[in-house]
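A structural walkthrough
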Amino acid sequence: MRLFPAFFQMDDAHVVIFGNGPEAERKTRLVAKTPARISLVAHALPRWAESFGEQISLIQPRQAGQALDTARFTIIALETEAEVQWAHELARAYGVPVNAVDRKDLCDFTIPSLLDRGDVVAAVATGGAAPVIAKDIRAKLESLLPERVGALAALAERWRPAVKAAIDDGTARRHFWETALRGPVAEAVYANQDARAEALMGETLERFAQGTDRAELGPVHIVGAGPGDPELLTLKAFRLIQQADVVFHDKLVSAEILDMIRRDAERVPVGKSKGEHLVPQDGIHELMIAASREGKRVVRLKGGDPFVFGRGGEEVDALREAGIEAHVVPGISSALGCAASAKLPLTHRDHAQSVTFVTGHAQKGGVPDLDWAGLAKPHQTVVVFMGVGTAGIIAGKLQEAGLSGETPVGVIENGTRANEKRAFGELANLPAIIEKRGIKGPALLIIGTVAKLPAEAQQQIIEEALA
Ligand SMILES: C[S@@+](CC[C@H](N)C(=O)[O-])C[C@H]1O[C@@H](n2cnc3c(N)ncnc32)[C@H](O)[C@@H]1O
């Protein structure tokens, strides 16, 4: 380890920054996130410095030595070699640690790639060898650290004395912190419910202090996994999947996303494909409730968005009836994922002023009783979920209701996945298009003039390739 990571304490600190150009500004902005007082060594205070108010003061170069006398560290962001050498020698004379921008040879310390979450700060450094790698690692950390983890740390700090006073035993205290900071208290903080987090903290502490530390029930997280591409997962979904002790997942959740589940967590497939239920809906409810009652962190992972033809509402109700709190994390619905992937705008100023999501599959089989006349009106887009098997009937009903057989349609199978398939054509030929392209599902039917746009673009690409 050629670099030794350490964090400067910045309460009551004083930092000297040499320069007033863009680099000095960048570094000032960074340091100004701390409570430190900043002395900017320059001939004049630049405009950008005004926004820092009293946190920043101008020091003339001839008085730089005096400023360095009390500095915790200094940053040199000067232009010319002579200026840099002068500032560096001065800092050395005062024994102040130096960071000189773009001058690794003059640096006592480097400024790492930072992830700032208030009281929680993560830093990644490569010693200047490959800053891009540091940035990439930082981006990965970003997805792991909840936005409000700093607020959680601040809450823990506030409660520390009370916890110490209430629980004598060190092991019990550790158990308390694990329960509090990983369970409902943390979830309340992450959901911006600070008052609730405080109340839960009080309740949890009381339970532990009385020795009745029964695990909290829930919450169960009903999480949207998006249409398949793992990069379309939300950061929240990613975090919850990684924290879960058990994940009950649908068949539509992609393998790459299932790979994100912790190795020691249980993965239980409960989902359905084309109406084939691996576990009936009531059974799914029972499994989630039982796992939650065992004190497990439960995630119910569903394809797309849980509230778009996902039966998420029924699951929320079942949990509520069992006295277990349910949290819902939205996902990118396949309608949005497929449309984006095929560059097919669901609404378009010239073509469609509304979009309607319908199911092509009735609860008892066949086609549901839809408002065909409404769906056949012009200037809209109709997205049919689970409609591959009933595409012929749907096309017939829409035409009977007055929609032209020449209306453009797009069919997108396995949208956003490596095996995505697309087909375009006209409403009258919908079943033929599906058959010709060998589309079996999961697929969406997108009906309306907007479906002509990607078809045209693809035709143009083919023509250009042939020209
Ligand atoms: C039970 S619904 C679930 C919909 C999901 N909640 C959503 O928001 O996308 C299943 C249907 O969604 C559609 N679907 C899901 N993922 C898809 C994908 N990657 N590509 C195309 N259609 C998909 C298909 O119509 C499939 O039959």
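Residues numbered from 1 in each chain as written. Predicted model: local features only at pLDDT ≥ 70, side-chain atom pairs only at ≥ 80, totals over all residues. Heavy atoms only, no water.

What about the overall build of the chain?
Summing up its helical and strand segments, the chain has 17 helices and 19 strands in all. For the chain, the spread of C-alpha atoms along the three principal axes comes to 90 × 75 × 40 Å. The buried share of the chain, taken over its 467 residues, is 44%. A total of about 24600 Å² of accessible surface is found on the chain, and carbon and sulfur atoms cover 53% of it. One finds the centroid of the 53 positive side-chain charges in the chain at a distance of 2 Å from the centroid of its 60 negative side-chain charges. (Helix = DSSP H or I, 4+ residues; strand = E, 2+ residues; numbered from the N terminus. Buried < 20%, exposed > 50% of the residue type's maximum accessible area, 1.4 Å probe, protein only. Areas by Shrake-Rupley, 256 points an atom, 1.4 Å probe, with all protein chains shown as cover. Lys, Arg positive; Asp, Glu negative; His and termini not counted. Charge placed at Lys NZ, Arg CZ, Asp CG, Glu CD.)

Overview of the sheet that holds strand E1 (residues 14-18)
Spatially, the five strands line up as an open sheet ordered E3-E2-E1-E4-E5, and their pairing is parallel. Looking at the sheet topology across the chains shown, the edges are occupied by strand E3 (56-59) and strand E5 (98-100). Mean inter-strand twist for the sheet, computed between neighbouring axes without regard to direction, equals 20°. Pairing of strand E4 (residues 73-76) with E5, which is carried by three bridges, proceeds in the parallel orientation. (Pairing = 2+ DSSP bridges. Axes fitted to C-alpha atoms, helices over the stretch in contact; angles between N-to-C directions.)

A few points about unusual backbone geometry
Residues other than glycine predominantly adopt negative phi, and peptide bonds predominantly adopt the trans conformation. The omega torsion across Gly441 and Pro442 is 5°, close enough to zero to call that bond cis. Within the secondary structure, Pro442 is located in the loop between helix H16 (430-436) and strand E19 (443-447). Positive phi, normally seen in glycine, also occurs at Asp12, with a value near 60°. Note on placement: Asp12 falls in the segment before E1. For Asp12, a relative accessible area of 77% gives the class exposed. Of note in the backbone geometry, Thr416 takes a positive phi value of approximately 70° without being a glycine. If you trace the backbone, Thr416 turns up in the loop between strand E17 (408-413) and strand E18 (421-426).

Considerations on the domain arrangement of the chain
For the chain, the assigned domains read domain 1 (14-111), domain 2 (149-209), domain 3 (220-332) and domain 4 (336-462). Here domain 1 and domain 4 have C-alpha centroids that lie 61 Å from each other. (Domains from an automatic or database assignment.)

Observations regarding the site of the ligand
Not every one of the 19 residues close to the ligand is listed here, only the nearest: Asp305, Val308, Ser334, Gly415 and Ala443. Taking Gly303, its main chain carries an N or O atom lying 3.0 Å from a nitrogen atom of the ligand. At a separation of 2.7 Å, an oxygen atom of the ligand approaches a polar backbone atom of Ala443. Protein contacts shield 90% of the accessible area of the ligand, which totals 570 Å² for the unbound molecule. Mapped onto the shell around the ligand, the elements with two or more residues apiece are helix H13 (334-341) and E19. Partitioned by chemical class, the residues of the shell around the ligand number eleven nonpolar, six polar and two charged. The residues that make up the shell around the ligand include at least three from each of domain 3 (220-332) and domain 4 (336-462). (Near = heavy atom within 4 Å. Polar contact = N/O pair within 3.5 Å; in protein donor to acceptor, adjacent residues only side chain to side chain. Nonpolar A, V, L, I, M, F, W, Y, C, P; charged D, E, K, R; others polar.)

Observations regarding the packing of aromatic side chains
This structure, assessed with the given rule, holds nine aromatic pairs. Each member of the aromatic cluster is reached from another via a ring pair, and the members are Phe8, Phe73 and Phe109. Taking NZ or CZ as reference, Arg160 lies 4.6 Å from the ring centre of Trp177, over its face. (Phe/Tyr/Trp six-rings, centres within 6.5 Å; stacked < 30°, edge-to-face > 60°. Lys NZ or Arg CZ within 6 Å of the ring centre and 35° of its normal.)

Some words on the sheet that holds strand E14 (residues 326-329)
Reading across from one edge, E10-E9-E13-E8-E14 is the order of the five strands in this open sheet, with parallel pairing throughout. The open sheet has two edge strands with one neighbour each: strand E10 (266-269) and E14. Across the sheet, the axes of successive neighbouring strands diverge by a mean angle of 20°, strand direction being ignored. Where strand E8 (residues 220-224) and strand E13 (residues 298-302) come together, four bridges link them in parallel fashion. Bridge pairing in E13 places Ile222 opposite Arg300.

Description of the environment of Ala130
By the element assignment, Ala130 lies in the loop between strand E7 (120-124) and helix H4 (131-144). It is 25 Å that separates the C-alpha atoms of Ala130 and His88, two residues lying 42 residues apart in sequence.

Overview of helix H9 (residues 235-243)
Among all positions in H9, only Ala237, Phe238, Arg239, Leu240 and Ile241 are buried. Close packing links the buried residues of H9 with H4, helix H7 (184-190), E8, helix H10 (255-258), E13 and E14. (Contact = heavy atoms within 4.5 Å.)

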